[in-house]
2 protein chains.
Amino acid sequence: MENLKLRKTIRKYQQKDIPADLLNDLLESACRASTVGNMQTYSVVVTRDAGRKAKLAPAHFNQPMVQSAPVVLTFCIDLNRFSKWCRQRHAEPGYNNFEWFVTGAIDALLVAQTFCVAAEEHGLGICYLGTTTYNPHLIVEALELPELVFPIATVTVGWPDENPPQVDRLPLEAVVHEEVYRDYTPEMIDRLYAYKESLPENQQYVVENAKDNLAQVFTDVRYTKKDAEAMSELLWDTMKKQGF
Amino acid sequence: MENLKLRKTIRKYQQKDIPADLLNDLLESACRASTVGNMQTYSVVVTRDAGRKAKLAPAHFNQPMVQSAPVVLTFCIDLNRFSKWCRQRHAEPGYNNFEWFVTGAIDALLVAQTFCVAAEEHGLGICYLGTTTYNPHLIVEALELPELVFPIATVTVGWPDENPPQVDRLPLEAVVHEEVYRDYTPEMIDRLYAYKESLPENQQYVVENAKDNLAQVFTDVRYTKKDAEAMSELLWDTMKKQGF
């Protein structure tokens, strides 16, 4: 498990396929993750076809990994399959609501992450695409997702063709609280973010974007309030359109 | 990684503590999980104190694991820390919305599941408590979670004191779709759920609950529409109260 500590996100892949047997083996392991009531309220769509990847790419702002990775996996909340089973047994399902949207997301994400850990253990490299929740409507369309199915995480997978340096993390004390949440004083914030702010690559971003500090690069350039509000609305609308 | 395929949820634990060094080591590994924009929009609250566990227990419908496990971990969406850092740097954060609630949930769940895989690899047993999203308001109170912090998954951890049989899963073809989502025909539903329906323990649940079939045990007893609708409202209200 020492590998977990050394892991890195991989965005460049060799032009080499992932055998179907290996992929299925990894997915079998992933499906052993915990799931609420053993209901498995998730589905995984496997994209290998170049044409389908080209359809998916705009949903992910054309990040090159979508088309260069041999396999793209879209992990979805899925209350469709379970509800169909219920109806077919004259049982009335009540899973088209916010509670089950969240529950399905939990189920799907535990499977996604177990897949990633297993894949990395086999020497594969992975990258999560945060864009999945930005353009869910485009993914619904590209993958023909029916009602009660919703994309929550996309992972590109392949054999690594790069060896980037490991990125920083906050010190553990920044994210772990003993017994109760201990809110952050200004002094704690300064101390916990000092290392991140000191990194040359982060200082470079500040200069390139003509900002005063790294936090402003996040709020004014990378993840703005305006974008987040538009995406919140789109996410909510797509959730409703998918029947939740 | 063969262990991933053999894993089981563990609900009974030995009366034996988890050393702080081991727990921190597992949490360090967990924090290497992917995180959107390297923003780490999560926190973990570690509960070891018996009094605090007693406060948490009702939120989890008094499931015995909460008080019998040496450690209870509550994984939270956390946009508070990041927003505080932004404000302190005169950057205006825009993370109090639905998009970032979902993004924070993704971040927190990838960390939670990486923790679980690492813990099991070290011989520990874990159990996810699905009750976390049923009574989030009680957890907010018990763990003193401030605005922009929201509990999304609870895991009990300890040294196993039971060796239960492994539970069933649907066949892999039930949850994996090639290229596009291939919706389920009635014949597929029958075939994919046949094994689950045939299991003696599941047939026993049908008899005990005086239902016609297993699906009705889910819809009429375990996870009813009425409960889900009430919980959806509570989840939504708590999300709003926490400032999202």
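Residues numbered from 1 in each chain as written. Chains lettered and ligands numbered in written order. Predicted model: local features only at pLDDT ≥ 70, side-chain atom pairs only at ≥ 80, totals over all residues.

(A) Structural detail: the sheet that holds strand E2 (residues 71-78) of chain A. Reading across from one edge, E3(A)-E4(A)-E2(A)-E1(A)-E5(B) is the order of the 5 strands in this open sheet, with mixed pairing throughout. Looking at strand neighbours, the two that pair on one side only are strand E3 (125-129) of chain A together with strand E5 (176-178) of chain B, the edges of this open sheet. Direction aside, the axes of adjacent strands within the sheet are offset by 25° on average. Bridging between E3 of chain A and strand E4 (residues 149-158) of chain A involves 5 bridges; their strand directions are antiparallel. If you follow Ile126 of chain A over to E4 of chain A, its bridge partner there is Val157 of chain A. (Pairing = 2+ DSSP bridges. Helix = DSSP H or I, 4+ residues; strand = E, 2+ residues; numbered from the N terminus. Axes fitted to C-alpha atoms, helices over the stretch in contact; angles between N-to-C directions.)

(B) The arrangement of the environment of Val155 of chain A in detail. All names here are of chain A. As for its placement among the helices and strands, Val155 is situated in strand E4. Separated by 89 residues in the primary sequence, Val155 and Val66 have C-alpha atoms spaced 8.9 Å apart. Not counting residues within four places of it along the chain, the set of residues in contact with Val155 comprises Leu73, Ala112, Cys116, Ile126, Cys127 and Tyr128. (Contact = placed C-beta atoms within 7 Å.)

(C) Structural detail: the sheet that holds strand E1 (residues 42-47) of chain B. The 5 strands lie next to each other as E5(A)-E1(B)-E2(B)-E4(B)-E3(B), forming an open sheet whose pairing is mixed. Whereas interior strands pair on both sides, the edge strands pair on one side only; in this sheet they are strand E5 (176-178) of chain A together with strand E3 (125-129) of chain B. With direction set aside, neighbouring strand axes in the sheet form an average angle of 25°. For E1 of chain B and strand E2 (residues 71-78) of chain B, the ladder comprises 6 bridges, and the chain directions are antiparallel.

(D) Quick peek at the relation of the copies chain B and chain A. Between chain B and chain A, which share one sequence, the superposing operator has a rotation angle of 180° and an axial displacement of 0.0 Å; the RMSD is 0.0 Å. On the angle and the small slide along the axis, the relation comes out as a two-fold axis. In this assembly the copies share their binding face: 100% of the residues contributing to the interface of chain B also contribute to that of chain A. (Least-squares fit on C-alpha atoms with pLDDT ≥ 70 in both.)

(E) Looking closely at the packing of helix H6 (residues 98-121) of chain A against helix H12 (residues 225-241) of chain B. The interhelical angle for the contact between H6 of chain A and H12 of chain B, taken along N-to-C directions, is 80°, at an axis separation of 7 Å. On the basis of the axis angle, H6 of chain A is roughly perpendicular to H12 of chain B. Across the interface between the two elements, Phe98, Glu99, Trp100 and Val102 of chain A from H6 of chain A touch Ala228, Met231, Ser232, Leu235 and Trp236 of chain B from H12 of chain B. Tallied by class, the residues present in the contact of H6 of chain A with H12 of chain B amount to 7 nonpolar, 1 polar and 1 charged. (Parallel < 35°, antiparallel > 145°, perpendicular 65-115°, else oblique. Nonpolar A, V, L, I, M, F, W, Y, C, P; charged D, E, K, R; others polar.)

(F) Summary view of the pairing of strand E4 (residues 149-158) of chain B. Residues and elements named next belong to chain B. The buried count for E4 comes to 10 of 10 residues, which makes it a mostly enclosed element. For E2 and E4, the ladder comprises 8 bridges, and the chain directions are antiparallel. Directly across from Thr74, in E4, lies its bridge partner Thr154. (Buried ≥ 20, exposed ≤ 12 C-beta atoms within 10 Å, placed from the backbone.)

(G) Highlighting the interface of chain B and chain A. Listed as interface residues are 93 residues of chain B and, on the opposing side, 93 residues of chain A. In terms of residue count, helix H6 (residues 98-121) of chain B provides more of the side of chain B that touches chain A than any other element does, 14 residues in total. Here the residues of the side of chain B that touches chain A are counted per class, giving 49 nonpolar, 23 polar and 21 charged. Judged from the 3 bridges that link them, E5 of chain A and E1 of chain B form a sheet pairing that is parallel. The residue bridging Glu178 of chain A from the neighbouring strand is Val46 of chain B, located in E1 of chain B.

(H) Structural detail: unusual backbone geometry. Of note, Ala210 of chain A is a non-glycine position whose phi angle comes to about 50°, a positive value. Secondary-structure assignment places Ala210 of chain A in the loop between helix H10 (200-208) and helix H11 (214-222). One non-glycine residue, Glu144 of chain B, lies in positive phi territory at about 55°. Looking at where Glu144 of chain B falls in the secondary structure, it is placed in the loop between helix H7 (136-142) and E4. Given 14 C-beta atoms within a 10 Å radius, Glu144 of chain B is considered partly exposed.

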